[in-house]
Amino acid sequence: MNPALCPAPHTHTTCAAQATFTIGVFPANSSQIECRSRRGMEQESLTGMLDANNIDEEISSTKAQLRERIPDFRERLADETDRLRNEVAAVRAEMRQGHAVVDIDYDDVVADRIDQNTIDRIHRRGVVVVRSVFDQQQVNAWNDNLMHYVAENDYFGKQKAKAGLDKYFGALASSKPQIYGLYWSRPQMEARTSEQMAKLRAWLNSLWQVDADNPEFDPNQECLYADRIRQREPGDASLGLSPHIDGGSVERWLDPSFQKVYRNVFFGDLAAYNPWDAQFRTQTNEIPSPAVCRMFRTYQGWTALTRQGPGDGTLNIVPITRTISWLLLRALDDDVPASELCCAKPGRALGIFKEYHDLILDAYVPIPTVNPGDTVWWHPDIIHGVEDKHSGSNYSNVMYIGAAPSCEKNRRFLEMLRPAFEAGRSSPDFASEDYEVDFKGRFAPDELSDLGKKQLGYA
């Protein structure tokens, strides 16, 4: 395999990334890092059943209970390891033949020309590039507008004045891939509330298994989620994100709500585990943290504002949807200390580490090259990261836009999001930097379309 398509596993992070930094994701350079215990580390405030002062004891107790309740643990882990090993080999073979990430056209989606074989591949790989969602001329205008929005409002000067407010990314330069705390620019709002996005996200949401009699969410109605933008300069060499999964860490084992989501992994028919089964997904209890999204997202995603691909400081991914089942079982194995879950820590993203997860890293690959107006989508349990170095010659810019279908959990979040939108404050999921309260050119509430009003819960 071309080494540019499948980076060598030894470059990836070890456990000490979580032991070293109190908040945030994980540095990509692992060669100078060692794993050490969480004891004595700063703890996040936990809610519900978790005791922040006794997290090691909580982990030890829950792991013992799970092992007791899983008498066939050895067989489960062996079966899942074999399954994952086969999937890793399949990803590497697909990369040699072309690419493991599914690649489709927006026009084929709206014309209902996506066949079942392609849908099956999306279910298996958990990642899909949808081409030409937006016209390139429109996207070029959006990119120019955003660059102007940043410059005209002196974002960089204000960012220096508010240094330290963003504890998630701000604590470490090498964990901040030039992501800007901007949420309410005209391009972001126009893209989020566009008819194209509405049609595409409805189709993507329909790929989930939802009980018709008791649906977990409405696949045809979105709740707007305000995320940020990335403008990564060419030549940047220190601003990567190591492999991780968003949306919860230790609670995936410790909290009963997550145990329901992964019921077949722990207690039921392991072979029948379906990552696309929506049941209980909107009912999980995440630990409050800037590292954890409070909305349920069927997909994380972004829209490309510039051409970018391997080597351009952009997205890397493990395109195996089922990997989470192996991760959950792996943390219960005997070689993991009783008070640890493969270095998972509360209030953080769930990190992937060579010392425990070496098998997975053989399938950690860059996305294919995308053009302005293309979009990338990935299942919420997919492992992903950002390349350490931007070796290209142009900006690598994106707008982060995922899919958050209407459900009780997401509608509750809108109650907090609407006042932030109206005042130009930061999205409630992120640090209260509030750059845009006096920004010129900010999208105003009276500019919302009927669709935008529905997505924000005004109608």
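Throughout this document, residue positions are counted from 1 along each chain, in the order its sequence is written. Only residues with pLDDT of at least 70 get local features here, since the model is predicted, and only at 80 or more are side-chain atom pairs given and counted; chain-wide, interface and lining totals rely on the full set of residues. Calculated side-chain values reflect all of the structure's heavy atoms, with hydrogen atoms and water omitted.

**Q** Hey, could you run me through the overall build of the protein in this one?
**A** Within the protein, the secondary structure is distributed over 17 helices and 14 strands. Relative accessibility under 20% of the residue-type maximum defines a buried residue, over 50% an exposed one, and the middle range a partly exposed one, all with a 1.4 Å probe and only protein chains included. Looking at the protein residue by residue over its 459 residues, the buried ones come to 60%. We get accessible surface area from the Shrake-Rupley algorithm with a probe of 1.4 Å; when it comes to residues, only the shown protein chains can shield them. Approximately 17700 Å² of the protein is accessible, and the part contributed by carbon and sulfur atoms is 46%. To qualify as a helix, a DSSP run of H or I must reach at least 4 residues; to qualify as a strand, a run of E must reach at least 2; elements of each kind are numbered from the N terminus.

**Q** Just to check I follow, could you spell out the sheet that holds strand 9 (residues 350–351) for this structure?
**A** On the basis of which strands lie adjacent, the open sheet formed by 5 strands has the order 9-6-12-8-10 and antiparallel pairing. Each of the sheet's edge strands pairs with one partner strand only, and the pair in question is strand 9 and strand 10 (365–366). In this description, strands pair whenever DSSP reports at least two bridges between them. The pairing of strand 8 (residues 315–318) with strand 10 spans 2 bridges and is classified as antiparallel. Paired with Ile317 across the bridge in strand 10 is Val365.

**Q** Even after reading the chapter, I still don't get the pairing of strand 11 (residues 375–378), so can you show me in this structure?
**A** The side chains of a regular strand alternate between the sheet's two faces. Burial along strand 11 is two-sided: the face carrying Thr375 and Trp377 and the face carrying Val376 and Trp378 are both buried. Judged from the 4 bridges that link them, strand 2 (residues 127–131) and strand 11 form a sheet pairing that is antiparallel. Following the sheet pairing, Val127 is matched in strand 11 by Trp378. Where strand 7 (residues 300–304) lies against strand 11, 4 bridges are found, and the strand directions are antiparallel. Across the sheet, the residue bridging to Thr303 is Thr375, located in strand 11.

**Q** Even after reading the chapter, I still don't get the sheet that holds strand 13 (residues 396–400), so can you show me in this structure?
**A** Two pairing modes exist for strands in a sheet, parallel and antiparallel, and in both the strands are linked by backbone hydrogen bonds. Taken together, 7 strands build an open sheet; the order of strands is 1-2-11-7-13-5-3 and the sheet is mixed. Here the strands that pair on one side only, and so sit at the sheet edges, are strand 1 (102–105) and strand 3 (179–180). The criterion used for residue contact is that any of the two residues' heavy atoms lie within 4.5 Å. Every axis in this analysis is a line fitted to C-alpha atoms, fitted for helices over the stretch in contact. Angles between the N-to-C directions lie between 0 and 180 degrees. Helix 5 (residues 116–125) rests against strand 1 and strand 2 of the sheet, and its axis sits at about 135° to strand 1. Here helix 10 (residues 195–205) sits on the sheet in contact with strand 1, strand 2, strand 7 and strand 11, set at roughly 30° to strand 11.

**Q** Mind showing me how you'd approach the packing of aromatic side chains here?
**A** The relation between two aromatic rings is expressed through the spacing of the ring centres and the mutual angle of the planes. Side-chain rings of Phe, Tyr and Trp (the six-membered ring for Trp) are treated as a pair once their centres are within 6.5 Å; stacked means planes under 30 degrees apart, edge-to-face means over 60, and tilted covers the remaining angles. Scanning the entire structure with this criterion turns up 18 aromatic pairs. A ring pair is formed by Phe156 and Tyr180, whose centres lie 5.6 Å apart and whose planes are at 90°; its orientation type is edge-to-face. Of this pair, Phe156 sits in helix 7 (residues 155–161) while Tyr180 sits in strand 3; the two residues are 24 residues apart in sequence, bridging distant segments of the chain. The class for Phe156 is partly exposed, based on a relative accessible area of 41%. Three or more aromatic residues joined by ring pairs make a cluster, and in this case those are Trp208, Phe217, Trp276, Phe296, Tyr299 and Trp377.

**Q** How should the nonpolar core be read in this particular structure?
**A** For soluble globular proteins, nonpolar side chains are generally found buried alongside one another. Only buried residues count toward a nonpolar core, which is a set of Ala, Val, Leu, Ile, Met, Phe, Trp, Tyr and Cys residues joined through side-chain atoms within 4.5 Å. Trp253, Tyr262, Trp302 and Val376 are the most contacted members of the largest nonpolar core, which totals 64 residues. Take this core: its biggest share by element is 6 residues, from helix 3 (residues 73–97). Judged by nonpolar contacts, the second largest core, of 40 residues, contains Val130, Trp142, Tyr149 and Val150.

**Q** Would you mind showing me how to read the confidence of the model for the protein here?
**A** In low-pLDDT segments, the atomic positions of the prediction should not be examined closely. By definition, pLDDT measures how confident the predictor is in each residue, and it falls between 0 and 100. On average, the protein scores 87 in pLDDT, and the residues at 70 or more come to 85%. Predicted confidence is poor over residues 1–12, with pLDDT under 50, and the contacts of this stretch with residues over four places away or in other chains come to 33 contacts. In this model residues 16–47 is a low-confidence stretch, pLDDT under 50, and it forms 99 contacts with partners more than four residues away in sequence or in other chains.

**Q** Which parts of the structure should I look at to understand the packing of helix 14 (residues 323–330) against helix 15 (residues 354–361)?
**A** Between two packed helices, both the angle of their axes relative to each other and the distance between the axes serve to describe the pair. Two numbers describe how helix 14 lies on helix 15: the axes approach to 11 Å, and their chain directions differ by 155°. Regarding the angle of helix 14 to helix 15, the classification is roughly antiparallel. Between helix 14 and helix 15 lies a crossing whose hand is right-handed. Of the residues in helix 15, those touching helix 14 at Thr323, Trp326, Leu327 and Arg330 are Glu355, Tyr356, His357, Leu359 and Ile360. Note that Gly is not counted as nonpolar here; it falls among the polar residues with everything else outside the nonpolar set of Ala, Val, Leu, Ile, Met, Phe, Trp, Tyr, Cys and Pro and the charged set of Asp, Glu, Lys and Arg. When the residues that make up the contact of helix 14 with helix 15 are grouped by side-chain class, the tally is 5 nonpolar, 2 polar and 2 charged. Here roughly perpendicular refers to angles of 65 to 115 degrees, roughly parallel to angles under 35, roughly antiparallel to angles over 145, and oblique to all remaining angles. Less than a right angle of anticlockwise turn of the near helix away from the far helix marks a crossing as left-handed, whereas a clockwise turn marks it as right-handed.

**Q** What is the right way to read the pattern of salt bridges from this model?
**A** Side chains bearing opposite charge may pair, as long as their charged atoms lie close to each other. Salt bridge, as used here, is a side-chain nitrogen of Lys or Arg placed within 4 Å of a carboxyl oxygen of Asp or Glu. On inspection of all chains with the given rule, the structure shows 30 salt bridges. Here Asp236 ties to Arg232 by a salt bridge, and the two come within 2.7 Å at their closest N and O atoms. Each member of the pair, Asp236 as well as Arg232, carries the same accessibility label: buried. Across the pair Arg263 and Asp277 runs a salt bridge whose closest N-O atoms are separated by 2.9 Å. Separated by 14 residues along the polypeptide, Arg263 in helix 13 (residues 263–266) and Asp277 in the loop between helix 13 and strand 7 bring together distant segments of the chain. If you follow the salt bridges from partner to partner, you end up with Arg67, Arg74, Arg330, Asp333, Asp334 and Asp335 in one network.

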